[in-house]
Amino acid sequence: MRVRIVAAVVLVASLSAVAPSSARTERPPAAVALAWNANAVAAVRAASVIDPPGTAARPLYQTEGLLYMSYVQAAVYDAAMKIGHRYVPYHRFSAAAGNASLQAAVIAAAYNTLVFYLGDPGGTLAAEYAASIAALPDDRTTARGIAVGQAAAADIEALRADDGRNAPVSTPFGAGPLQPGLWVWAPPPSLQIAQTPWMAVMHPFMLESTSQFRAPAPPALTSALYTRDFNETKAYGSAASAVRTAAQTAIAYFWNANAINQLNQTLQNVAIQHNMDLLDTVRLLAAGNMVPTDAGMACFDSKYTYQFWRPITAIRDAGIDGNPATTADPAWTPLLTTPNHPEYPSQHGCVTSALAQVLANALNTSRINATIPGAQGGATTLTTSQTFATVRGLYAQLVNARVWIGFHYRNSVVAGENLGTAVAKWELQRYFLPTR
């Protein structure tokens, strides 16, 4: 199944004009990698897909969008390392890389991968590609770089040809009937579909399987842990909460930002802040998309294995949970609309913790001092930012945010962070390593 791009998408061109002499420098500047990462984000956000079959076209979900970003950044990384040799490639491929332009390879790898997976009905990607290549010398070095990028894109396309993307799923996840602890679709009616259950069983980029780091089972409905978490989310995550402060509400809204934009803008911010050159930037962008995507797949494995109910269902229907310490509130509503996939563990916990570990790995310190953009007022666009001094500080705020928004129980976010951390540490010990 091929995803299509809305023709009106506006791609980012401001960073793609690179001075011809930069192709010959010892530390090629990162501008072209940042530009094509931004172009990929714009294209992925504008794309739509018909999944499952027979439904209306819809935008890509957040972790689903990171999957497409990972295809692109994997190809870019391999193309750049074929020429630059600084880090071990993700997947080796055959191409003549001698005297080839790194910048041309990055451009061609990104462009060809995007067009393969998303198409280019309006020609916007083609126009951006032409402008980017035109900014480079019209010579054999550029031509060889283009060939390397094309070969890298073709290699990723072949490698991931049967990875399970958009595979049909016959299990009617979320359809009910209502049972204690079991996830069912939450209101409104427009969300009556299970989000990308195929991601739970597809082939990861680097993990052995999506179940490799499966989270432990969620707590029993009669346990003290569940009771504590239930009552906390009921009080603090309600749209009409009388205990959540304005500052806590702002934090909850901050993490409602679209993860595709939020994650990649964070990576760009870190690359610029630390003056990374082209090779280090493409490594950061590849690891920063591929590792969180694998963590997201692993998270979906746990979600669709346990199918644990969301707070909106648990709180409205607490009368069936067998726990005398929980009280039903049939009118309870979270701060924002509940996502359409099972609750445990938190997807944001999995993905964002993996991102934090990538940053710590790239900077060789848990004191990441990273500026992360976020949203305000219930929107998903990036209109504000925070700087997190440490990985621990980032983890702590994220746990609170997902409780205060009413989507999760505290233990579920911690379980997600544990899962994402385990995935990231395992992968970063084996991939994206220096060649010497």
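Residues numbered from 1 in each chain as written. Predicted model: local features only at pLDDT ≥ 70, side-chain atom pairs only at ≥ 80, totals over all residues. Heavy atoms only, no water.

Bringing the pattern of salt bridges into the picture now. Following the criterion strictly, the structure yields eight salt bridges and no others. A salt bridge links Asp163 to Arg160; its shortest N-O distance comes to 3.0 Å. Among the residues examined, Arg160 registers a relative accessible area of 4% and is labelled buried. One salt-bridge network, in which partners are shared between bridges, spans Asp51, Arg58 and Glu64. (Salt bridge = Lys/Arg side-chain N within 4 Å of Asp/Glu carboxyl O. Buried < 20%, exposed > 50% of the residue type's maximum accessible area, 1.4 Å probe, protein only.)

With 124 residues, the main nonpolar core has Trp36 and Phe432 as its most contacted residues. When residues of this core are assigned to their parent elements, the largest contribution, 15 residues, is made by helix 9 (residues 278-306). Other than its neighbours up to four places away in sequence, Phe432 contacts Tyr77, Tyr87, Val88, Met206, Arg283, Ala286, Ala287, Met290 and Val291. Ranked by size, the runner-up nonpolar core spans eight residues in total, among them Leu335, Trp404, Ile405 and Phe407. (Core = buried A, V, L, I, M, F, W, Y, C linked by side-chain atoms within 4.5 Å. Helix = DSSP H or I, 4+ residues; strand = E, 2+ residues; numbered from the N terminus. Contact = heavy atoms within 4.5 Å.)

Counted according to the given criterion, the structure contains 21 aromatic pairs. Relative to Tyr304, the ring of Phe300 has its centre 6.0 Å away and its plane inclined at 25°; by these criteria the two rings are stacked. Note that Phe300 and Tyr304 are positioned in helix 9 at a spacing of four residues, about one turn of the helix. Note on Tyr304: relative accessible area 7%, which makes it buried. Following the ring pairs from residue to residue traces out a cluster consisting of Tyr68, Tyr71, Tyr90, Phe116, Tyr117, Phe205 and Tyr431. (Phe/Tyr/Trp six-rings, centres within 6.5 Å; stacked < 30°, edge-to-face > 60°.)

With that settled, the discussion passes to helix 1 (residues 31-46). Between its first and last C-alpha, helix 1 extends 23 Å over 16 residues, near the 22 Å set by a 1.5 Å rise per residue. Buried residues dominate helix 1, accounting for 14 of its 16 residues. (Expected span 1.5 Å × (residues − 1).)

Turning our eyes to something else, we now look at the environment of Gly378. Relative to the assigned elements, Gly378 resides in the loop between strand 4 (370-374) and strand 5 (384-388). Separated by 190 residues in the primary sequence, Gly378 and Pro188 have C-alpha atoms spaced 16 Å apart.

Turning next to the pairing of strand 4. Here strand 4 lies mainly inside the structure; four of its five residues are buried. For strand 4 and strand 5, the ladder comprises five bridges, and the chain directions are antiparallel. Residue pairing for strand 5: Thr371 is matched across the bridge by Thr387. (Pairing = 2+ DSSP bridges.)

Moving on: the packing of helix 9 against helix 13 (residues 410-428). Taken N-terminus to C-terminus, the directions of helix 9 and helix 13 make an angle of 135°; their axes are 9 Å apart at the nearest point. Considering their axes alone, helix 9 and helix 13 lie oblique with respect to each other. When the axes of helix 9 and helix 13 are compared, the crossing they make is right-handed. Together, Ala287, Met290, Val291, Asp294, Ala295, Ala298, Cys299 and Ser302 of helix 9 and Leu419, Gly420, Val423, Ala424, Glu427 and Leu428 of helix 13 make up the contact between the two elements. For the contact of helix 9 with helix 13, a count of residues per class yields 10 nonpolar, two polar and two charged. (Axes fitted to C-alpha atoms, helices over the stretch in contact; angles between N-to-C directions. Parallel < 35°, antiparallel > 145°, perpendicular 65-115°, else oblique. Left-handed = near helix turned anticlockwise from the far one by under 90°. Nonpolar A, V, L, I, M, F, W, Y, C, P; charged D, E, K, R; others polar.)

Right, let's get into the packing of helix 1 against helix 3 (residues 102-118). For the pair helix 1 and helix 3, interaxial distance at closest approach is 9 Å and the crossing angle is 10°. Relative to helix 3, helix 1 is oriented roughly parallel. Contacts from Val32, Ala33, Trp36, Ala40, Ala43 and Val44 in helix 1 reach Gln103, Val106, Ile107, Ala110, Tyr111, Leu114 and Leu118 in helix 3. Residues belonging to the contact of helix 1 with helix 3 are distributed by class as follows: 12 nonpolar, one polar and no charged.

Here we come to helix 12 (residues 391-404). With 14 residues, helix 12 ought to run about 20 Å at 1.5 Å a step, and its terminal C-alpha atoms sit 20 Å apart, in line with that. Taking burial as the measure, the 14 residues of helix 12 include 10 buried ones, the bulk of the element. When helix 12 is considered as a whole, its buried residues turn out to be Val391, Leu394, Tyr395, Gln397, Leu398, Val399, Ala401, Arg402, Val403 and Trp404. Lining the buried residues of helix 12 we find helix 6 (224-236), helix 7 (246-254), helix 11 (347-363), strand 4, strand 5 and helix 13. One or two positions beyond helix 12, positive phi appears at Gly406, with a value near 90°.

Turning to unusual backbone geometry, a few remarks are in order. For the peptide bond that leads from Gly176 to Pro177, omega is 5°, which places it in the cis range. Relative to the assigned elements, Pro177 resides in the loop between helix 5 (140-159) and helix 6. In the segment running from Tyr344 into Pro345, the intervening peptide bond is cis, with an omega of -10°. Looking at the secondary structure, you find Pro345 in the loop between helix 10 (311-316) and helix 11. The backbone phi angle of Thr196 is positive, close to 35°, even though this residue is not glycine. Take Thr196: it is sitting in the loop between helix 5 and helix 6.

When you line up the elements, Asn256 lands in the loop between helix 7 and helix 8 (259-273). Classification of Asn256 as buried rests on a relative accessible area of 14%. There is a polar contact of 3.2 Å between the side chain of Asn256 and the backbone oxygen of Gly378. Apart from residues no more than four positions distant in its own chain, Asn256 is found in contact with Leu336, Ala375, Gly378, Ala379, Thr380, Arg402 and Ile405. (Polar contact = N/O pair within 3.5 Å; in protein donor to acceptor, adjacent residues only side chain to side chain.)

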